[in-house]
Structure formats: structure tokens, C-alpha cells
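# Examining the three-dimensional arrangement
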Amino acid sequence: MSNLKKLNQIYEGKAKKVFATDSSDFYIVEYKDDATAFNGLKHGTIEGKGVINNKMSNLMFAMLEKNGVKTHFVEQLSDRETVVKAVKIVPLEIIIRNVAAGSFSKRYGVEEGTALKCPTLEFSLKNDALNDPLINDSHIIALGVATEKELEDIKNLAYKVNDVLKEFFAGIGVKLIDFKIEAGRLPDGEIILADEISPDTCRFWDAKTNEKLDKDRFRRDLGGVEEAYQEIFKRINSK
């Protein structure tokens, strides 16, 4: 894949840029150090975040592939750039929660850190102008966001990712509190895992101390943001 030619930028999000290539089957993703929170209301920079998120996501995708989860990952090109399959992103944020935290705790009045009796799946519509509102199955199908079959595939994908990641992170002394993933459609319509898996998109707590090792340190001005990203990446590499 190193012979792919990087062409025009086709998308820029809060944390990544996506570029077309000279092959319609592949994109190149470039990870940034930019940090945002609260739907873009808070802005900042986390030094080295792009490198960690790129490398960590690729390691996680490769591990998930070995466990039967199909992903968009193809090949890492550099510290910040990765080749991915050209998918059409389903405009949903797919959220799995194992422990109450963040907006879930505020919404339902549940103390943060409360273990949930089962993994909880939520969907938010990817729409910054509407602040990514929660959306249910009926809405998703009625609005044509995804078909009933695609929605079933997305749910199965999310729960499988949760099972694999929970076991992996438990092995390095980390609680997987919750995470957000995205799904993409291949040209033949197959649903696969896309986007990233990183401290930007997951809540990681130390299993013994409950110290936060994720973007909550940036969101809540807790300090030690870069150190938290480095710590989670160090643990992954020690596995």
C-alpha cells in the first residue's frame, strides 16, 4: 500500500483528516493533535495525541480482526497516517456503556462509577448542528439512516467489539467504562467497524485506582492529559 498516491482532502473532522487516493478502494486517514469537547465548544491541543491515537487504533483494529471483527484498517503508513478501506460512514455514533459515567450519569441521575447490570447500547445521530441527538431504532429506520438488517448488524458488531475490548483491557489493568464507535458500508453493503479506538473515543479507568486515562482529563480540566494518553498506550504495548 505504500505505493498509493495521496490525493485531495475529502473530509476533516475534529480529530482526523481523510484523503482520497489513486485507488477508489482506499482512503488515507491523518490523525491530528487537535482536541475538542462538548460538541466543539471546548478546543485545545493534546501534544502527541495524533500519533498515539493512530498507532493505538491500528493495534486495536488488528486485534479485533484476529477475533473475527471486520474493520476498515489496512496498513499504517507513518506515525500519523493509515490506509483504510473506502467505506461510507453510517451517520450514527454507536455507544456501548458498561459503567455509568458522563452524560449517562447526568441524564438518569446515576452515580458515576455505578456498574450497569448489562452493557447498554445507545445511538446518537451524527449531526453537529443538532448536537448529536439520541435516536432510537424506529427513528433510524424511518429516516433511512440504516435498514433494519443493517441496524441488526451494527448491534451485533458493537456487542462483539465490547466483549473483545473488555477482556483485552482487563488484562492490562484497565476498566472499559464506555466507548463510541462508527460503522461503515463497503461497496457491497457489508457493515464493518470504522473510525478509531482511542482515549478520544473510550473511557478508560485504572482498575485499582479508578484514575481516568482518557479524554475526560481534557474535558474536565483534570491535568495530566498527555500523560494519561501515554500511559494507556504504554500498557497496550506491554501486552
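Everything below is about the structure shown above.
These notes cover the structure that comes with them. (Residues numbered from 1 in each chain as written. Predicted model: local features only at pLDDT ≥ 70, side-chain atom pairs only at ≥ 80, totals over all residues. Heavy atoms only, no water.)

## Quick word on the overall build of the protein chain
Using the following cut-off: Secondary structure elements follow DSSP: runs of H or I no shorter than four residues count as helices, runs of E no shorter than two count as strands, and numbering proceeds from the N terminus. Values of the radius of gyration come from C-alpha atoms, whereas the globule rule sets the reference at 2.2 Å times the count of residues to the power 0.38. Relative accessibility thresholds used throughout: buried, under 20% of the residue-type maximum; exposed, over 50%; partly exposed, between the two (1.4 Å probe, protein chains only). When checking whether two residues touch, look at their non-hydrogen atoms; a contact exists if any pair is within 4.5 Å. To be clear on the numbers: accessible area is Shrake-Rupley with a 1.4 Å probe, and residue cover counts the displayed protein chains and nothing else. A residue counts as positive if it is Lys or Arg and as negative if it is Asp or Glu; His and the chain ends are not included. The atom standing in for a charge is NZ when the residue is Lys, CZ when it is Arg, CG when it is Asp and CD when it is Glu.
Helix and strand counts for the protein chain stand at six helices and 13 strands. Whereas a compact globule of 239 residues would reach a radius of gyration of roughly 18 Å, the protein chain reaches 17 Å, a difference of no more than 12%. The C-alpha extent of the protein chain, read off along each of the three principal axes, is 50 × 40 × 35 Å. A buried classification covers 51% of the 239 residues belonging to the protein chain. Considering only residue pairs separated by 6 or more positions, the protein chain has 57% of its internal contacts joining residues 24 or more positions apart. Working note: accessible area of the protein chain is about 11600 Å², and carbon and sulfur atoms make up 50% of it. Here the protein chain contributes 36 positively and 39 negatively charged side chains, and the mean placements of these two sets differ by 2 Å.

## Digging into the sheet that holds strand E1 (residues 6-12)
Just so we agree on the cut-off: Strands are labelled as partners when DSSP assigns at least two bridges between them. Where helices are involved, their axes are fitted lines through C-alpha atoms of the stretch in contact, as for all axes, and angles between N-to-C directions lie from 0 to 180°.
Here we have five strands laid out as an open sheet, ordered E1-E2-E3-E7-E6, and antiparallel in their pairing. One side of each edge strand has no neighbouring strand; the edge strands of this open sheet are E1 and strand E6 (73-76). Going from strand to strand, the sheet's axes swing by 30° on average, the running direction of each strand aside. By the bridge criterion, five bridges tie strand E2 (residues 16-21) to strand E3 (residues 26-31) in an arrangement that is antiparallel. Of the residues in E3, the one forming a bridge with Lys 16 is Tyr 31. Together, E3, E6 and strand E7 (81-85) form the strand contacts of helix H1 (residues 49-66), whose direction differs from that of E6 by roughly 130°.

## Brief notes about the environment of Glu 112
For the record, the criterion: By the criterion applied in these results, polar contacts are pairs of N or O atoms within 3.5 Å in which, for protein atoms, one can donate a hydrogen and the other can accept it, and in which residues neighboring in sequence qualify only through two side-chain atoms.
Note that Glu 112 resides in the loop between helix H2 (102-108) and strand E10 (115-125). Between the C-alpha atoms of Glu 112 and Leu 143, which are 31 residues apart in sequence, the distance is 33 Å. Other than its neighbours up to four places away in sequence, Glu 112 contacts Ala 100, Ala 101, Gly 102, Ser 105, Trp 205, Lys 212 and Arg 220. Within polar-contact distance, the side chain of Glu 112 engages the backbone nitrogen of Gly 102 at 2.8 Å.

## Re the packing of H1 against helix H6 (residues 225-238)
Convention followed: Throughout this description, any angle smaller than 35 degrees is read as roughly parallel, any larger than 145 degrees as roughly antiparallel, any in the 65 to 115 degree range as roughly perpendicular, and the remainder as oblique. Here is the rule for handedness: rotate from the far helix to the near one, and if that takes an anticlockwise turn smaller than a right angle the crossing is left-handed, while a clockwise turn gives right-handed. All residues other than Ala, Val, Leu, Ile, Met, Phe, Trp, Tyr, Cys, Pro, Asp, Glu, Lys and Arg, Gly among them, are scored as polar; the first ten of these are nonpolar and the last four charged.
It is the contact of H1 with H6, at a shortest axis distance of 10 Å, that shows an interaxial angle of 30°. Considered as vectors, H1 and H6 are oriented roughly parallel to each other. The element H1 and its partner H6 pack so that their crossing is left-handed. Side by side, H1 and H6 meet where Lys 49, Ile 52, Asn 53, Lys 55, Met 56, Leu 59 and Met 60 of the first sit next to Tyr 229, Gln 230, Ile 232, Phe 233, Ile 236 and Asn 237 of the second. Residue composition of the contact of H1 with H6, by class: eight nonpolar, three polar and two charged.

## Section: H1
One full turn of an α-helix is made of 3.6 residues, so residues set three or four places apart face in the same direction. The condition that has to hold: Multiplying 1.5 Å by the residue count of a helix minus one yields the expected span of that helix.
Look at H1: 26 Å from first C-alpha to last across 18 residues, which is about the 26 Å you get at 1.5 Å a residue. Of all the residues in H1, the buried ones are Lys 49, Gly 50, Ile 52, Asn 53, Asn 54, Met 56, Ser 57, Asn 58, Met 60, Phe 61, Met 63 and Leu 64. At the exit of H1 stands Gly 68, carrying a positive phi of roughly 90°.

## Comments concerning unusual backbone geometry
The phi dihedral of Asp 132 is positive, around 50°, even though this residue is not glycine. In this fold, Asp 132 is placed in the loop between E10 and helix H3 (137-142).

## Some words on the pattern of salt bridges
The cut-off we apply is this: Criterion for a salt bridge: a side-chain nitrogen of Lys or Arg within 4 Å of a carboxyl oxygen of Asp or Glu.
Per the stated rule, a full pass over the model turns up 29 salt bridges. Notably, a salt bridge pairs Asp 153 with Lys 149, separated by 2.8 Å at the nearest N-O pair. Residue Asp 153 and its partner Lys 149 are located together in helix H4 (residues 148-170), separated by four residues, close to a single helical turn. Taking the relative accessible area as the measure of exposure, Asp 153 reaches 26% and is therefore partly exposed.

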